[in-house]
Amino acid sequence: VTHAGLGSTSLCLRYSKVKPILFPRLSRFGEHVNDHQLYFAEYLKFRGVVSVFDEPNNIEKVIKNNQYNQLLVRRYEADLKRRRFKLINYLHSVTS
């Protein structure tokens, strides 16, 4: 869980084992001069790499959705491991 600044978000995406939940700082609360963090967070949400908490009433929905997406992430990681294993075996076969 982090605010939606580029640096913090990048660190979470790089090192986190779970899908990050972003809390963009919003101009309407005087937290920032504009809503660039919200725009950035929404873009990453559209790409499917983060969850976004943007309204006080949707925190439960964000957490539940994030938990569901963790299952998808685990499946993707398992598939990635299988593909990596197949690639390594193939490379060994053509280079031996």
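Residues numbered from 1 in each chain as written. Predicted model: local features only at pLDDT ≥ 70, side-chain atom pairs only at ≥ 80, totals over all residues. Heavy atoms only, no water.

Concerning the confidence of the model for the chain
Averaged over all residues, the pLDDT of the chain is 81; the fraction at 70 or higher stands at 83%. The least confident element of the chain, judged by mean pLDDT, is helix H3 (residues 59-95) at 75; the most confident is helix H2 (residues 36-47) at 90. (pLDDT = per-residue confidence, 0-100. Helix = DSSP H or I, 4+ residues; strand = E, 2+ residues; numbered from the N terminus.)

Side note on the sheet that holds strand E1 (residues 2-3)
If you trace the three strands from one edge of the open sheet to the other, you get E1-E2-E3, paired in parallel fashion. Lying at the two open borders of the sheet, with one neighbouring strand each, are E1 and strand E3 (51-52). Sheet analysis places strand E2 (residues 21-23) next to E3, joined by two bridges and oriented parallel. Paired with Ile21 across the strands is Ser51, a residue of E3. (Pairing = 2+ DSSP bridges.)

Describing a nonpolar patch on the surface
Residues Leu87, Tyr90, Leu91 and Val94 make up a contiguous nonpolar surface patch of roughly 400 Å² in combined accessible area. In this fold, Tyr90 is placed in helix H3. (Patch = residues over 30% accessible without salt bridge, like charges linked within 9 Å, V, L, I, M, F, W, Y side chains within 5 Å. Areas by Shrake-Rupley, 256 points an atom, 1.4 Å probe, with all protein chains shown as cover. Salt bridge = Lys/Arg side-chain N within 4 Å of Asp/Glu carboxyl O.)

Things to note about the packing of aromatic side chains
On inspection of all chains with the given rule, the structure shows one aromatic pair. On the basis of an interplanar angle of 35° and a centroid distance of 4.4 Å, the ring pair of Phe23 and Phe53 is categorised as tilted. On the criterion of sequence distance, the pair formed by Phe23 in strand E2 and Phe53 in the loop between E3 and H3 is long-range, its members being 30 residues apart. Phe53 sits in the buried class, given a relative accessible area of 17%. (Phe/Tyr/Trp six-rings, centres within 6.5 Å; stacked < 30°, edge-to-face > 60°. Buried < 20%, exposed > 50% of the residue type's maximum accessible area, 1.4 Å probe, protein only.)

Comments concerning the nonpolar core
Formed by Ala4, Leu22, Ala41, Leu44, Val50 and Val52, the largest nonpolar core amounts to six residues. Beyond its immediate sequence surroundings of up to four residues, Val50 is in contact with Leu13, Lys19, Pro20, Leu22, Ala41, Leu44 and Lys45. (Core = buried A, V, L, I, M, F, W, Y, C linked by side-chain atoms within 4.5 Å. Contact = heavy atoms within 4.5 Å.)

A look at the environment of Val50
Position of Val50 among the secondary structure elements: in the loop between H2 and E3. Classification of Val50 as buried rests on a relative accessible area of 2%. Sequence separation between Val50 and Val18 is 32 residues, and the spatial gap between their C-alpha atoms is 9.3 Å.

Comments concerning the side chain of Gln37
With respect to the secondary-structure elements, Gln37 resides in helix H2. Here Gln37 falls in the buried class, since its relative accessible area comes to 3%. Here Ala4 takes part through its backbone nitrogen, which lies 3.4 Å from a polar atom of the side chain of Gln37. In this structure, Gln37 is in contact with His3, Ala4, Gly5, Phe23, Pro24, Arg25 and His32, ignoring residues within four places of it in sequence. (Polar contact = N/O pair within 3.5 Å; in protein donor to acceptor, adjacent residues only side chain to side chain.)

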